[in-house]
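# Examining the three-dimensional arrangement
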Amino acid sequence: MRKSRILGTGSAIAEKKITNHDLESMVDTNDEWIRTRTGIENRYFADEDTCTSHLASRASLKALEAAGLKAEDIDMIIVATITPDMALPATACLVQEQIGATKASAFDLEAACSGFLYGMAVADQFIATGFYEHVLVIGAEVLSRILDMEDRNTCVLFGDGAGAVVMGPSKDDKGILSFELGADGSGGKFLHMPAGGSKIPASKESVENRLHYVKMEGSDVFKFAVRAMESSSIASINKAGLKIEDVNYMVPHQANIRIIQSAAKKLNLPMEQVKVNLNQYGNMSAASIPVALDEAVRENNIKSGDNVVMVGFGGGLTWASCVMKW
Ligand code: UT7
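It should be emphasised that the depicted structure is a prediction, and the values quoted were computed from it without experimental measurement.

The rules behind these values
Residues numbered from 1 in each chain as written. Predicted model: local features only at pLDDT ≥ 70, side-chain atom pairs only at ≥ 80, totals over all residues. Heavy atoms only, no water. Helix = DSSP H or I, 4+ residues; strand = E, 2+ residues; numbered from the N terminus. Rg over C-alpha atoms; globule rule 2.2 N^0.38 Å. Buried < 20%, exposed > 50% of the residue type's maximum accessible area, 1.4 Å probe, protein only. Areas by Shrake-Rupley, 256 points an atom, 1.4 Å probe, with all protein chains shown as cover. Lys, Arg positive; Asp, Glu negative; His and termini not counted. Charge placed at Lys NZ, Arg CZ, Asp CG, Glu CD. Pairing = 2+ DSSP bridges. Axes fitted to C-alpha atoms, helices over the stretch in contact; angles between N-to-C directions. Polar contact = N/O pair within 3.5 Å; in protein donor to acceptor, adjacent residues only side chain to side chain. Contact = heavy atoms within 4.5 Å. Parallel < 35°, antiparallel > 145°, perpendicular 65-115°, else oblique. Left-handed = near helix turned anticlockwise from the far one by under 90°. Nonpolar A, V, L, I, M, F, W, Y, C, P; charged D, E, K, R; others polar. 1 Å grid on protein atoms, 1.4 Å probe; cavity = no way out; pocket = protein on both sides within 12 Å on 5 of 7 lines; lining within 4 Å. Points joined across faces, edges and corners; volume = space filled by probe spheres on them. Core = buried A, V, L, I, M, F, W, Y, C linked by side-chain atoms within 4.5 Å. Near = heavy atom within 4 Å. Salt bridge = Lys/Arg side-chain N within 4 Å of Asp/Glu carboxyl O.

### What to know about the overall build of the protein
Regarding its fold elements, the protein presents 11 helices and 13 strands. Relative to the globule expectation of 20 Å for 326 residues, the C-alpha radius of gyration of the protein, 19 Å, shows essentially globular dimensions. Within the protein, the proportion of its 326 residues that are buried is 55%. Carbon and sulfur atoms make up 51% of the accessible area of the protein, which totals about 13,600 Å². Each charge sign in the protein was given a centre, from 32 positive and 41 negative side chains, and these centres are 5 Å apart.

### Points about the sheet that holds strand E4 (residues 76–80)
Taken in spatial order, the five strands of this open sheet run E1-E7-E6-E4-E5, and their pairing is mixed. The sheet terminates laterally at strand E1 (4–13) and strand E5 (105–109), the two strands that pair on one side only. If you compare each strand with its neighbour and ignore which way they point, the axes differ by 15 degrees on average. Of the pairings in the sheet, the one linking E4 to E5 comprises five bridges and is parallel in character.

### Some words on the side chain of His253
Note that His253 resides in the loop between strand E11 (249–252) and helix H9 (257–266). Within the structure, His253 has its side chain in polar contact with the side chain of Asn283 (distance 3.4 Å). With residues up to four places along the chain from it excluded, the contact list for His253 reads Cys113, Met229, Ile260, Asn283, Ser285, Ser288, Ile289, Val311, Gly312 and Phe313.

### Brief notes about the packing of helix H3 (residues 52–67) against helix H4 (residues 91–99)
In contact at an axis separation of 9 Å, H3 and H4 are set at 55 degrees when each is read in the N-to-C sense. It follows that H3 is oblique to H4 by the angle criterion. Where H3 crosses over H4, the two elements pack in a sense that is right-handed. Residues Thr52, Ser53, His54, Ala56, Ser57, Ser60, Leu61 and Leu64 of H3 touch H4, and the partners they reach there are Thr91, Leu94, Val95, Gln98 and Ile99. Partitioning the contact of H3 with H4 into residue classes produces six nonpolar, seven polar and no charged.

### Brief notes about empty space enclosed by the protein
Under the definition given, this model contains one cavity of 30 Å³ or more. Here the largest cavity defines a volume of roughly 50 Å³. What lines the largest cavity is Arg5, Ile6, Lys174, Gly175, Ile176, Met324, Lys325 and Trp326. Of all the secondary structure elements, the ones that give two or more residues to the lining of the largest cavity are E1, strand E8 (175–183) and strand E13 (318–325).

### Side note on the nonpolar core
Core analysis: the largest hydrophobic core is formed by 42 residues, its most contacted members being Ile237, Met250 and Phe313. Elements supplying a minimum of two residues to this core: helix H8 (218–239), H9, strand E12 (307–314) and E13. The element contributing the most residues to this core is H8, with six residues. Not counting residues within four places of it along the chain, the set of residues in contact with Ile237 comprises Leu242, Lys243, Ile244, Val247, Leu267, Val309 and Val323.

### Quick notes on the site of the ligand
In the vicinity of the ligand lie 22 residues, with Thr29, Arg37, His253, Asn256 and Asn283 positioned nearest. At a separation of 2.6 Å, a nitrogen atom of the ligand approaches a polar side-chain atom of Thr29. The side chain of Arg152 places a nitrogen or oxygen atom 2.9 Å from an oxygen atom of the ligand. Compared with its free state, where it exposes 950 Å², the ligand has 72% of that area covered by protein.

### Some details on the pattern of salt bridges
This structure, assessed with the given rule, holds 11 salt bridges. The shortest N-O distance in the salt bridge between Arg210 and Glu150 comes to 3.7 Å. Of this pair, Arg210 sits in the loop between helix H7 (204–208) and strand E10 (215–216) while Glu150 sits in the loop between strand E6 (135–142) and helix H6 (152–155), and the two are 60 residues apart along the sequence. Relative accessible area serves as the criterion here: at 27%, Arg210 is assigned to the partly exposed category. Residue classification places Glu150 among the exposed residues on the basis of a relative accessible area of 61%. Bridged by salt links that share partners, the residues Asp148, Glu150 and Arg210 form one connected network.

What follows is the structure, given as structure tokens:
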């Protein structure tokens, strides 16, 4: 079996900056509450004519450039998203057309905020077996379209963006060392969007009852997240044959600074060795980890040979982590 690695990263953020102060005029909230309870200061919302595939394609072209590859070199595209452009066709197929990856198979994957790492794990299997050479894995969201701007429990938390990586075979000891993925479907009710699928198709009533918006029991998700971030990170560190003290850098899901700080503490990592950008972008679900990774790489926070842990959690409930030698 071959080891896979990340050959290039890229990201794209939506156009419109929305500050905490902007939200104060829309819903009963305030900058102080949002900053102290979450760590978020700004987020970006997509323009009316921008959708998930557009952000995904912009991030992908940057990842291809960083990898020194052309779109025709890509064998498979995986888009992790909970906000596809539409139910059919898959957003991955729209991206395939937009970037001209004419030789690539393409499909979407839904594991909410854990989706990007689930996608990397799928890509890793195809590369490990030699089935494919180059796989584009994208996490992309336009969450603003499913936010209830009258629900202060959710609308202040999320933003729109996309991150992408090109994965391919490793030629040395660098690359993916381990994954750990999990799910607990009994917690699905804590983070969900009730309508728009086969259970409650779109109707006048479903729209009037605001069922096409994301609903969340924040404190239940919070408690789950703190446990999952620690246990999944430790499981993938162990699977990689490493110890906690071998970890040089962490790229966590960007949901809440308090969740990130708790995970960093469990891994004995000072915050300088943890990527944080949720103050700028909020929670971008599947896009959070790849955007954070792209920034960390471009800012030279991750050095050649570093052991990096990526870890996330989200709706499902799901969780995922990955250890790689950069
Ligand atoms: O990617 C996965 C997606 N989700 C998450 O990761 C979310 C995980 N959960 C969290 O990050 C936190 O639970 C939240 C940030 C969502 C909430 O923080 P919390 O410390 O758990 O607050 P809470 O839900 O217990 O609410 C405390 C108070 C409540 O008021 P009362 O009932 O004590 O009077 C809320 O109504 O804060 C109120 N509140 C707000 N106040 C001002 C809730 N949202 C807001 C708001 N502005 N936006």
